[in-house]
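# Descriptive analysis of the structure
Listed below are the residues making up each chain.
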Amino acid sequence: LFAAIAGIGDYSSGVYLQSVTTLCLSSRAAYANPSPTLAMTAKANALKASGADVISFAAGEPDFATPEPICQAAHRAIDEGFTKYCPTAGIKELREAIAQKLHDQNGIPCSPDQVVVSCGAKHSLYNSAQMLISPGDEVLLIAPYWMTYYDQIQLAGGVPVVARAEAADHFIPNIDALKEKISPRTRAIFLNTPCNPTGAVYGRKTLEEIASLALRHDLWIVCDEIYEKLVYGQTHISIASLGPEVAERTVTVGGCSKSFAMTGWRIGYAAAPQPVAKAMSSFQDSVTSNPTSFAQKGALEAFKMPLDTVEKMRQEFETRRDLMRAEFLKVEGLDVPSPGGAFYFLVCVQPYLNDKVSSDHALAEVLLDEAGVATVPGTVFDAPGYLRVSYTASRDNIKRGVARIADVLAKQII
Ligand code: PMP
Ligand code: GLU
């Protein structure tokens, strides 16, 4: 319980009473956890700003500038006075462009009224959880997972039920492990391909198996495809493209943050069966109204732009991934498979933990304090004994940062 000290004052007479109230926060407040990934990024940035030589492998955002044509479109929108309320679910042209893109690039049949544009994919996921999950519903998650799903499921009153994808399977979920977790109360499954933090990209067979499980047990599928454009030697497949009966129970979530280096613009979307999209839009009416009008004009430009700008960023990430892996492989005993997508390595550091530095949390702290390298402890993603290391840093910093990590790990095994 939270006891608030409330000030009740008669300032003019100089009398100022304080009373201890019994007001308490809602039960939901217990699930309002600060984002540990954002916190680590903020800590690294603050250290850098204070002059410390910190290399950040913590950030979950591209280090590239937002492409110029996107910025220009938003500038133009402001200059033209496009700065007022607009339709809650997003401007018509943007919903049309997203529906078209989902059709052309993802093979998802989709009409504009099935698209709801929100303040980032995180917001779209939140809307999905709020509209699909009732108190007590069980929701399947595949560990390691992006921690936000867990919190959002709980914020909707749901119960996250975790199935584990193993490193030995390159973090591709085993269908029998998923089946075991299904109960009569299971209502939905959350998927994330390409996956943060593992980089796993689910292939057609896996997606087909998950889809038939969802059909058999009458589950909603929420599929977060925010990293769809960042795949290396793999093909991204949208589960909603597997057939109309799958699309009818799937919410596909995507956005601009990762593909177009637009994290601060806060534009994401959900594409859902019409009744779900309608509910999400009405819900958004009560919560935020429209996402920022001129940011949507920027997003419209992003979805209409030729794909070669995105492709250049993808290629640079692939080069960095290969460079980082090559540097990691110089560290004796470190096992680093090559992730197929996103921009993270999930590195197993279990062999380097000891009595003094006994957890991934402790190791991440040592790395930051002693080596000036920011990473995210795997425990945050339900992957204890691992560190998430992102390659959204320059090639030079990747070399320097991994060398520093190697020095710390070498000391750990002595
Ligand atoms: N999904 C995943 C898997 C993510 O890593 C992130 C991180 N930003 C998001 C969704 C949210 O993206 P957005 O910036 O669009 O809210
Ligand atoms: N998704 C990013 C990450 O995993 C940003 C953090 C967040 O949105 O919580 O680092």
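Described in the following lines is the structure provided in the data block. (Residues numbered from 1 in each chain as written. Chains lettered and ligands numbered in written order. Predicted model: local features only at pLDDT ≥ 70, side-chain atom pairs only at ≥ 80, totals over all residues. Heavy atoms only, no water.)

Moving on, we come to the overall build of the chain. Scanning the chain from N- to C-terminus turns up 13 helices and 14 strands. In terms of overall dimensions, the chain has C-alpha extents of about 70 × 60 × 55 Å along its principal axes. Sorting the 414 residues of the chain into buried and exposed places 54% on the buried side. Sequence separation of 24 or more characterises 73% of the internal contacts of the chain that already satisfy a separation of 6 or more. Approximately 18400 Å² of the chain is accessible, and the part contributed by carbon and sulfur atoms is 53%. Averaging the positions of the 37 positive and the 44 negative side-chain charges in the chain gives two centres separated by 2 Å. (Helix = DSSP H or I, 4+ residues; strand = E, 2+ residues; numbered from the N terminus. Buried < 20%, exposed > 50% of the residue type's maximum accessible area, 1.4 Å probe, protein only. Contact = heavy atoms within 4.5 Å. Areas by Shrake-Rupley, 256 points an atom, 1.4 Å probe, with all protein chains shown as cover. Lys, Arg positive; Asp, Glu negative; His and termini not counted. Charge placed at Lys NZ, Arg CZ, Asp CG, Glu CD.)

Let us now look at the sheet that holds strand β5 (residues 138–143). Spatially, 7 strands are ordered β4-β10-β9-β8-β7-β5-β6 in an open sheet, and the strand pairing comes out mixed. The two strands at the open ends of the sheet, each matched to only one other strand, are β4 (115–118) and β6 (159–164). Taken over all neighbouring pairs, the strand axes of this sheet differ in orientation by 20 degrees on average, direction set aside. Sheet contacts for helix α4 (residues 121–132): β4, β7 (186–192), β8 (220–224), β9 (250–255) and β10 (268–271); angle to β9, the most-contacted strand, approximately 160 degrees. (Pairing = 2+ DSSP bridges. Axes fitted to C-alpha atoms, helices over the stretch in contact; angles between N-to-C directions.)

Our next topic: unusual backbone geometry. Pro-194 follows Thr-193 through a cis peptide bond whose omega is -10 degrees. Relative to the helices and strands, Pro-194 is located in the loop between β7 and α7 (204–216). Residue Pro-197 is bonded to the preceding Asn-196 through a cis peptide linkage, with omega at 20 degrees. Tracing the backbone through its elements, the reader meets Pro-197 in the loop between β7 and α7. Its identity is not glycine, yet Arg-266 carries a phi of approximately 60 degrees, on the positive side. Positioned with a positive phi, Asp-382 is a non-glycine residue whose angle comes to about 60 degrees.

We now examine the nonpolar core. Grouped together as the largest cluster of nonpolar side chains are 73 residues, with contacts concentrated most on Phe-57, Phe-190, Met-324, Phe-328 and Leu-363. Residues within four places of Leu-363 in sequence aside, it is in contact with Val-349, Leu-353, Val-357, Leu-387, Val-408, Leu-409 and Gln-412. Counting 30 residues, the second largest nonpolar core, distinct from the first, contains Ala-97, Ile-98, Ala-247 and Val-310. (Core = buried A, V, L, I, M, F, W, Y, C linked by side-chain atoms within 4.5 Å.)

We now examine α7. Over its 13 residues, α7 extends 18 Å from the first C-alpha to the last, a length consistent with the 18 Å expected when each residue adds 1.5 Å. All of the buried residues along α7 are Thr-206, Leu-207, Ile-210, Ala-211, Leu-213 and Ala-214. The buried side chains of α7 occupy one side of the element, clustering within an arc of 160 degrees when seen end-on. More than 90 degrees from the buried face of α7, the exposed residues found are Lys-205 and Arg-216. Where α7 is buried, its residues touch α6 (175–180), β7, β8 and α8 (244–247). Among the residues trailing α7, Asp-218 stands out with phi positive, at a value near 55 degrees. (Expected span 1.5 Å × (residues − 1). Arc of directions from axis to C-beta.)

Where β5 meets β6, 6 bridges bridge the pair, whose relative direction is parallel. Paired with Leu-140 across the two strands is Val-161, which belongs to β6. With respect to chirality, the unit in which β5 leads through helix α5 (residues 147–155) into the neighbouring parallel β6 is right-handed. (Right-handed = clockwise from strand over helix to strand, strands pointing away.)

Turning our attention to the side chain of Thr-198. In this fold, Thr-198 is placed in the loop between β7 and α7. The exposure class of Thr-198 is buried, given its relative accessible area of 7%. A distance of 3.1 Å separates a polar atom in the side chain of Thr-198 from the backbone nitrogen of Ala-200. Setting aside its immediate chain neighbours within four residues, Thr-198 contacts Pro-144, Phe-171, Pro-339, Tyr-344 and Leu-346. (Polar contact = N/O pair within 3.5 Å; in protein donor to acceptor, adjacent residues only side chain to side chain.)

One pass over the full model with this rule turns up 19 salt bridges. In this structure, Arg-314 and Glu-311 form a salt bridge, with 2.9 Å as the shortest nitrogen-oxygen distance. Within this pair, Arg-314 and its partner Glu-311 are both found in helix α11 (residues 308–328), separated by 3 residues, close to a single helical turn. Take Arg-314: its relative accessible area is 14%, and that puts it in the buried class. (Salt bridge = Lys/Arg side-chain N within 4 Å of Asp/Glu carboxyl O.)

Now for the site of ligand 2. Taken together, Ser-35, Thr-37, Leu-38, Gly-60, Lys-122, Trp-146, Met-147, Asn-196, Lys-258, Tyr-344 and Arg-388 make up the full set of residues adjacent to ligand 2. Lys-122 is positioned such that a nitrogen or oxygen atom in its side chain is 3.1 Å from an oxygen atom of ligand 2. Between Asn-196 and ligand 2, the recorded distance is 2.9 Å, taken from a side-chain N or O atom to an oxygen atom. For ligand 2, whose free accessible area comes to 290 Å², the fraction covered by protein is 88%. Here the shell around ligand 2 is built from residues that sort into 4 nonpolar, 4 polar and 3 charged. (Near = heavy atom within 4 Å. Nonpolar A, V, L, I, M, F, W, Y, C, P; charged D, E, K, R; others polar.)

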